[in-house]
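As a plain string of letters, each chain reads:
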Amino acid sequence: MGKGHSRGVSLKRVVRFIWPRRSKQAVREITREGLEKEWAFNTFLLASAFKDLACDIHEDCDGSCQNVVTYPDPPLLGEMGLFVPMLMQAANRHPSGATPEDVPRDTQWVEGQNFPNLEYSPIDSPAGEIRLMKVRKGIFRSDVIECDLFTTKLGQCGNFQALSYCCGSDKMVDVMLCNGKKHYIQPSLNAALKTFRESLKLKDQLLWTDAICIDQVNKAEVGEQILLMRKIYTEATGVFVHLGLAERRMSQGIDLMLRLNGVQQHLRSPEEFGSISLDDVKLPPAGDRCWEEYYSLYRSPWISRTWILQEIALSQEATLGIGRYVTDWAVFERSFHFVREQGLLERVMMAREGLMMGFLNFTMLQEIRRVARSPDNSSLLKVLRATRNFKVTDPRDKVLGVLGIIGDIPTRLKDVSDYRLSTSQIYHRTALYLLEVQFPPDILAHAGLQRRVGQMDMPSWVPDWYADTTGLNERPLNLFRPAPFLAGGRPNNCCLLKAEDTLYPRAIMSPGFCHDRIIRTSEAFNRSLASSDDGPTTSQTLFAWINSARACLQESDGVVYNDVEEAFARTLLVDDLYSGSNAIRAMAEIKDLNSTFRATLAQLEHSTRKEVDRAPSGHMKGTSADQVRTCSLQMLAAMRARRFAITDTGYMCLVPSCTQVGDAVAIFFGFPTPFTIRLEPNSESLEGGLKRVRAQLVGDTYMHGAMYAESFPEAMRMGRSPCEIVLV
């Protein structure tokens, strides 16, 4: 690790050296003793690889300077005791690239040179022109980023990488030099660029990053460049992902990631996963603090951002930067697959909400990569639906930030990519496009007043993609289970028409009938899966809500069901007992509903008395979840952001939390679920002999006894004629 390796050792090389590919026969012959030897060697190499990362002064330190930092309290990694001392402190050589005459070209030095500010020249985006930057090497870590920014054309720009990072604060307080001119950038971008600069020993120096290569002040250019992003990321030789800054103690988590990656490469089949324990492959026990450092990677803000989806989904290959540490993105992915297959995720997801969301988003990222590789007409809705938990600073980016994933952008959608439009205009036009190419029930299922953040100037039937589903109902009812509901009859009867003859109509219309009116509701259930530190626990909240629903039922004048208790249980479960076509391997079928429901209530009551502070515990790998756990988790999922309600004819419902007494439950022909609507006063009229009403869409609704087209003959018997329902 001396002069011959003055540029340091990348973790990618370490991993490949430690974990060469083996044949299946060789894998079977691996012994515990052999794994222990490999882990010991892994620890030695990792300490050597991190040697050049410990100097806080020089960027490309070869370990020979006197600024190397040692650990007064060396981090321990399970039994192996990972110790990362940085060696070779006493030598009197200068670090590679540095001479005694060199001075840092830091922020203070730049501000004292009177550099002019960067001004962008126009580029021809429709012709495929983009800007690239060539990042120059630095000597000192404090040196500002310096680059040459130039214009080129897609298909002619050669090898380049794209940068993926979380923008974080919008304050432009860090300075860099572009073409010898000052340009201010965000601190998170500065950190990502410095990590990239340190990694220039990899292969590419040309880089594309939106914050620098696009004139962010020119909104027209921003919109035009968004239309090119699919080509940019697919033509890039790779994407450099920067998860953010890392503290030195995170080396334990990074080392564990390398080990998990190695085990994952050894164990190829599901049978092998089920037959080993952590101890078998010499991994630290689940309670070791190195696991917490590893899990912290999933708390990175990067994993929660919408823009990163197309950046990683479209990449040919990716490199991962964590602080100063650099390795292959595939190492991170393989470590995640190992943890997931071992069932370790379920042990921590329920206990930590932030961690749960990171795991879910990482899982969703894998699905979005599959969509991006085979896009079709349904891709936009799939991606918008899958990314509701991902965050943006500008609500418009919930749509604009995923356009690159869906393939060639249709002409009808190109006018959406314009930052001169408001959020409401972009969402409205996107909804109209989706209605033209996608099955209409999927649009309405994501729309309604129940999924709105604040006041927006757009129709109630337009989905608000900015609504954070952590606090709102997570899944539309038509996606709640494999077997579809059929409240509106056969799907081919679905008909959703524009009610206005304009380019961007604000009203749409569907035939159907207003089934019932809401006359009584329980309190709303708005708790997330993980309880807060100072609030009621999940079990307490769930039990209190069920009691509120039961009180609502008992106060009613009567219901239409013969077995009221069974109907009550099925309503709270949205009639999903995980049986038949709704069966899921990880969840037990609820075979005896009434006894299981009673046992679940007893368990919740007991948990409330004992002040158990978490949701019902998850099953361990290799065992089946019992019926009580299935019932608890199903109710917890179904009740989120909903109220229990009774209608004027005695039907039980689960309605959106914003439902009011007097709202109506409507059945749209061909739609799988009913919807709660809010009728406009005095809006009823006759059009061609058919009654027409105007209403706002509140949201999708479960009405027990009306989910399989049972309500059609009942409505006719009660004299309810079909009508045209205009949603505004």
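The coordinates are above.
Residues numbered from 1 in each chain as written. Predicted model: local features only at pLDDT ≥ 70, side-chain atom pairs only at ≥ 80, totals over all residues. Heavy atoms only, no water.

Our focus in this paragraph is the nonpolar core. Core analysis: the biggest nonpolar cluster contains 132 residues, and M133, L193, W208, W291, Y294, W329 and L444 have the highest contact counts within it. If we ignore the near neighbours within four places in the chain, the residues touching M133 are C147, D148, L149, M176, L193, Q205, L206, L207, T209, I212 and C213. One finds I546, L553, L636 and V655 within the second-largest nonpolar core, a separate group that totals 43 residues. (Core = buried A, V, L, I, M, F, W, Y, C linked by side-chain atoms within 4.5 Å. Buried < 20%, exposed > 50% of the residue type's maximum accessible area, 1.4 Å probe, protein only. Contact = heavy atoms within 4.5 Å.)

Summed over the entire model, instances satisfying the criterion amount to 28 aromatic pairs. Ring centres of F336 and F359 lie 6.4 Å apart, and the angle between their planes is 40°; on these two criteria the pair is classed as tilted. Residue F336 is found in helix α13 (residues 329–341), and its partner F359 is found in helix α15 (residues 353–373); the two are separated by 23 residues along the sequence. Both residues of the pair, F336 and F359, count as buried. Taking the centre distance of 6.1 Å and the plane angle of 80° together, the rings of F525 and W545 count as edge-to-face. Residue F525 is located in the loop between β11 (508–521) and α21 (538–554), and its partner W545 is located in helix α21; the two are separated by 20 residues in the primary sequence. Ring-pair connections join several aromatic residues into one group, and the members of that group are W291, Y294, Y295, Y298, W302, W329, F332, F336, F359 and F362. When the ring centre of Y419 is taken as reference, the NZ or CZ atom of K219 above it lies at 5.8 Å. Against the face of F480 rests R475, its NZ or CZ located 4.3 Å from the ring centre. (Phe/Tyr/Trp six-rings, centres within 6.5 Å; stacked < 30°, edge-to-face > 60°. Helix = DSSP H or I, 4+ residues; strand = E, 2+ residues; numbered from the N terminus. Lys NZ or Arg CZ within 6 Å of the ring centre and 35° of its normal.)

Moving on, we come to the environment of P672. Among the secondary structure elements, P672 is positioned in the loop between β14 (664–668) and β15 (675–679). Setting aside its immediate chain neighbours within four residues, P672 contacts P441, N478, F485, L486, A487 and M707.

Quick look at the environment of Q540 now. Along the chain, the position of Q540 falls in helix α21. C-alpha separation for the pair Q540 and H606, spaced 66 residues apart in sequence, amounts to 9.8 Å.

Another point: the packing of α21 against helix α24 (residues 627–639). Contact geometry of α21 with α24 gives a least axis separation of 11 Å together with a crossing angle of 75°. Taken together, α21 and α24 sit at an angle that is classed as roughly perpendicular. Taken together, the residues of α24 that come into contact with α21 (itself represented by T538, L542, W545 and I546) are S632, M635, L636 and M639. A class-by-class count of the residues in the contact of α21 with α24 yields six nonpolar, two polar and no charged. (Axes fitted to C-alpha atoms, helices over the stretch in contact; angles between N-to-C directions. Parallel < 35°, antiparallel > 145°, perpendicular 65-115°, else oblique. Nonpolar A, V, L, I, M, F, W, Y, C, P; charged D, E, K, R; others polar.)

Here we take up the side chain of S125. Secondary-structure assignment places S125 in the loop between α4 (107–111) and β1 (129–135). By relative accessible area, which is 1% here, S125 ends up buried. Once residues lying within four places of it in the same chain are set aside, the contact partners of S125 are E221, E224, Q225 and L228.

Within a sheet, neighbouring strands are paired by backbone hydrogen bonds and run either parallel or antiparallel to one another. Read across the sheet, nine strands follow the order β5-β4-β2-β1-β6-β3-β7-β8-β9 without closing on themselves; strand pairing throughout is mixed. The open sheet has two edge strands with one neighbour each: β5 (181–185) and β9 (325–328). On average, each strand axis in the sheet is inclined to that of its neighbour by 35°, with strand direction left out of account. Relative to strand β2 (residues 146–153), β1 is paired through seven bridges, and the arrangement is antiparallel. The residue of β2 that forms the bridge with R131 is T151. Along the sheet face, helix α5 (residues 187–198) touches β1, β3 (161–164), β4 (174–178), β5, β6 (206–208), β7 (238–242), β8 (318–322) and β9 and points at about 125° away from the line of β7. (Pairing = 2+ DSSP bridges.)

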